[in-house]
Amino acid sequence: MYHSVTAKRSLFFVKEHHVENFKEMAEKMAGFITLSKTGALNLEETWLTAFNIWVLLQPDDELIIESFDKTLYYSTNHIIITALTNDYQFNFIRTHPKSTPELIYISTILLTMALNSWYLKLLTDNHLNDIAERMLHQNYFESHLGEEDAINLFINDQARVVKVLVYELSHTNTFERIIKNACDNAQFIYKDTFQNEQFIHSIKSKSLL
């Protein structure tokens, strides 16, 4: 499903090399870790979420800019993006000199699944099940391209969610907890798998000397 990721569908101004690098990593890691349907969006749209998060996790030498036009439509996503970029654990993964492409990708997958589940719970806990139902069955990241009535409904949905989202972020620490948990798990999985494999390989190499 990651093949559906395109630069045009991203919430950021990205270049084709971003898309190709993401797809190459998704292909490389497919047998180890991948996305599953766990929350508010269908699987294809969840891959777009993952790509947006992966873009945000790229090092500081990448100039990442949100699409201003899309910000006007996807107000909830803009709020979440801002919260992510201000989160300590998220920035630790992004800026740490020992963060590898593999660690960043694992973090991306775990963050995507955690946020997707958290968002669905936010909707259901606040009796926004009608929005949850529409999100599940729509091409979410193409909602701004729909007919006028559909766009108006989408914007209204976004406004309704913004109210509960802002309250959740300002009055609870659930967002920080799920980000920390996802980042901690990503580091644990990376160290337990990739660093051990490197260690075993180095021991085998030494034994041949």
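The structure this text deals with has already been given above.
Basis of the calculations
- Residues numbered from 1 in each chain as written.
- Predicted model: local features only at pLDDT ≥ 70, side-chain atom pairs only at ≥ 80, totals over all residues.
- Heavy atoms only, no water.
- Helix = DSSP H or I, 4+ residues; strand = E, 2+ residues; numbered from the N terminus.
- Rg over C-alpha atoms; globule rule 2.2 N^0.38 Å.
- Buried < 20%, exposed > 50% of the residue type's maximum accessible area, 1.4 Å probe, protein only.
- Contact = heavy atoms within 4.5 Å.
- Areas by Shrake-Rupley, 256 points an atom, 1.4 Å probe, with all protein chains shown as cover.
- Lys, Arg positive; Asp, Glu negative; His and termini not counted.
- Charge placed at Lys NZ, Arg CZ, Asp CG, Glu CD.
- Axes fitted to C-alpha atoms, helices over the stretch in contact; angles between N-to-C directions.
- Nonpolar A, V, L, I, M, F, W, Y, C, P; charged D, E, K, R; others polar.

Trainee: Would you mind going over the overall build of the chain with me for this structure?
Mentor: A tally of helices and strands in the chain yields nine helices and zero strands. N-terminal to C-terminal, the α/β element order of the chain is α-α-α-α-α-α-α-α-α. By the compact-globule yardstick of 17 Å for 209 residues, the chain fits well, its C-alpha radius of gyration being 18 Å. Each of the three principal axes of the chain carries a C-alpha extent, and together these read 70 × 35 × 30 Å. A burial count over the chain gives 47% of its 209 residues as buried. For the chain, the share of sequence-separated contacts (at least 6 apart) that also reach a separation of at least 24 residues comes to 82%. Carbon and sulfur atoms make up 57% of the accessible area of the chain, which totals about 11300 Å². Charge separation in the chain, taken as the distance between the mean sites of 18 positive and 26 negative side-chain charges, equals 7 Å.

Trainee: What should I look at first to understand the packing of helix α6 (residues 101-125) against helix α7 (residues 129-136) in this one?
Mentor: When two helices pack together, their arrangement is given by the angle between the helix axes and the distance between those axes. Running from amino to carboxyl end, α6 crosses α7 at an angle of 145 degrees, the nearest separation of the two axes being 7 Å. Taking contact as the criterion, the partners of Y119, L120, L123 and T124 in α6 are, on α7, N129, I131, A132 and M135. Taken together, the residues that form the contact of α6 with α7 break down as six nonpolar, two polar and no charged.

Shape descriptors only; they carry no functional weight alone.
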